[in-house]
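Examining the three-dimensional arrangement
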Amino acid sequence: QVQLVESGGGLVQPGGSLRLSCEASGSILSIYHMGWHRQAPGQQRELVAVIASSGRPNYSDSVKGRFTISRDNAKNTVYLQMNSLKPEDTAVYYCYSVLSATTSPLVSAYWGQGTQVTVSS
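This one's a predicted model, so the numbers in the text were calculated from it and none came from an experiment.

A short note on the nonpolar core
One finds Trp36, Val48, Phe67, Leu80, Met82 and Tyr93 to be the most contacted residues of the largest nonpolar core, which totals 28 residues. Going through the elements one at a time, β1 (2-7), β3 (18-26), β4 (28-39), β5 (46-51), β7 (67-72), β8 (77-82), β9 (91-101) and β11 (115-119) are the ones with two or more residues in this core. Apart from residues no more than four positions distant in its own chain, Tyr93 is found in contact with Glu6, Leu20, Trp36, His37, Arg38, Val48, Phe67, Leu80, Met82, Gly114, Thr115 and Val117.

This is how it looks when you write it as structure tokens:
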């Protein structure tokens, strides 16, 4: 079994900051990409940021320059530092990891349960 557990969401005022964390655990062999998506009410889930095993990041245009994704391979953990938050960043944030596990020969995507981020005054 593989689990992804997120933490760090909450309520913050516009212009504030939050840091999300997501740890992958279980029968993991290798982790490739790790990243974050978000879904606002009534909206489709969208990619926020992704980081390759090499550490190379990519961001959506809506968060570029404000959010920073990073990972700690020793801890199987991905982080999302969110600065200069805007009300339109309000959403449920989901982490994901593309990995291989001892229980399956296939490289697959695994998802966390989601954490709420609300930006409001």
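Now, onward.
Examining the side chain of Ser97
Positionally, Ser97 belongs in strand β9. If near-sequence neighbours (up to four positions away) are discounted, Ser97 is found in contact with Leu4, Ile31, His33, Met34, Ser108, Ala109 and Tyr110.

Description of the pairing of β9
Regular strands place side chains that alternate from one sheet face to the opposite one. Summarising burial for β9: 9 of the 11 residues are buried, a large majority. When β4 meets β9, the two strands line up antiparallel, connected through 9 bridges. Bridging from a neighbouring strand, Ile31 pairs with Leu99 of β9. Both β9 and β11 contribute to a ladder of 3 bridges, which runs antiparallel. Note on β11: the bridge partner recorded for Tyr93 is Thr115. With 5 bridges connecting them, β9 and strand β10 (residues 104-111) associate as antiparallel partners. Pairing of Leu99 across the sheet is with Ser108, part of β10. Between β9 and β10, which pair antiparallel in sequence order, lie 2 residues.

Cut-off values and rules
Residues numbered from 1 in each chain as written. Predicted model: local features only at pLDDT ≥ 70, side-chain atom pairs only at ≥ 80, totals over all residues. Heavy atoms only, no water. Core = buried A, V, L, I, M, F, W, Y, C linked by side-chain atoms within 4.5 Å. Buried < 20%, exposed > 50% of the residue type's maximum accessible area, 1.4 Å probe, protein only. Helix = DSSP H or I, 4+ residues; strand = E, 2+ residues; numbered from the N terminus. Contact = heavy atoms within 4.5 Å. Pairing = 2+ DSSP bridges.

That is the geometry; function is a separate question.
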